[in-house]
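# Observations on the three-dimensional arrangement
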Amino acid sequence: MKNIRHTFIYLSLLMLPVIGQAEILLIEDVIETDKLQINIDASLNGYIKARRCPGCPDIRLKVDKNTQAFKHGKSIHLNQATHHNGKFATVIFDPKTKRVKRIKW
């Protein structure tokens, strides 16, 4: 029994360097903006401009046909999103590609 306990302790100590090397991967990022600017064409490709805070610079993000739009929890067609220009919105996007996944009003 004592050997099992010692073996468990030694194996636990061996895991410490692995735990210390863990890396946080951001798969989605979020911006809550008070004034969203949306520009899309007929094929639903385009971009949005948003800012994290009033003094922060604008961030330009890509919009495509895979971007989802929601108003009050209900899905709306992306071409209706331009009716909400200048309004408060939450934007969820991929930080690596800068592609918008979801827009929520």
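Our structure is the block above this text.
In short, a report on the structure. Just so it is clear, the model here is predicted, and its values are computed rather than measured.

Scanning the protein chain from terminus to terminus reveals one helix and eight strands. What you see in the protein chain, going N to C, is helices and strands ordered as α-β-β-β-β-β-β-β-β. Residue burial in the protein chain is summarised as follows: out of 105 residues, 26% are buried. The long-range fraction of contacts in the protein chain, counting pairs at least 24 apart against all pairs at least 6 apart in sequence, stands at 53%. When the accessible surface of the protein chain is totalled, it reaches about 7800 Å², and 58% of it is carbon and sulfur.

Turning our eyes to something else, we now look at the packing of aromatic side chains. Evaluated as defined, the whole model comprises zero aromatic pairs. Residue placement shows Arg60 over the ring face of Tyr47; its charged tip is 3.6 Å from the ring centre.

Leu36, Ile48, Leu61, Val91, Val100 and Trp105 are the most contacted members of the largest nonpolar core, which totals 18 residues. Those elements that provide at least two residues to this core are strand E3 (46-50), strand E4 (59-63), strand E7 (89-94) and strand E8 (99-104). Per-element tally for this core: the top contributor is E7, with three residues. Filtering out sequence-adjacent residues up to four positions away, Ile48 remains in contact with Leu36, Gln37, Ile38, Ile59, Arg60, Leu61, Val63, Val91 and Val100.

Rules behind the numbers
Residues numbered from 1 in each chain as written. Predicted model: local features only at pLDDT ≥ 70, side-chain atom pairs only at ≥ 80, totals over all residues. Heavy atoms only, no water. Helix = DSSP H or I, 4+ residues; strand = E, 2+ residues; numbered from the N terminus. Buried < 20%, exposed > 50% of the residue type's maximum accessible area, 1.4 Å probe, protein only. Contact = heavy atoms within 4.5 Å. Areas by Shrake-Rupley, 256 points an atom, 1.4 Å probe, with all protein chains shown as cover. Phe/Tyr/Trp six-rings, centres within 6.5 Å; stacked < 30°, edge-to-face > 60°. Lys NZ or Arg CZ within 6 Å of the ring centre and 35° of its normal. Core = buried A, V, L, I, M, F, W, Y, C linked by side-chain atoms within 4.5 Å.

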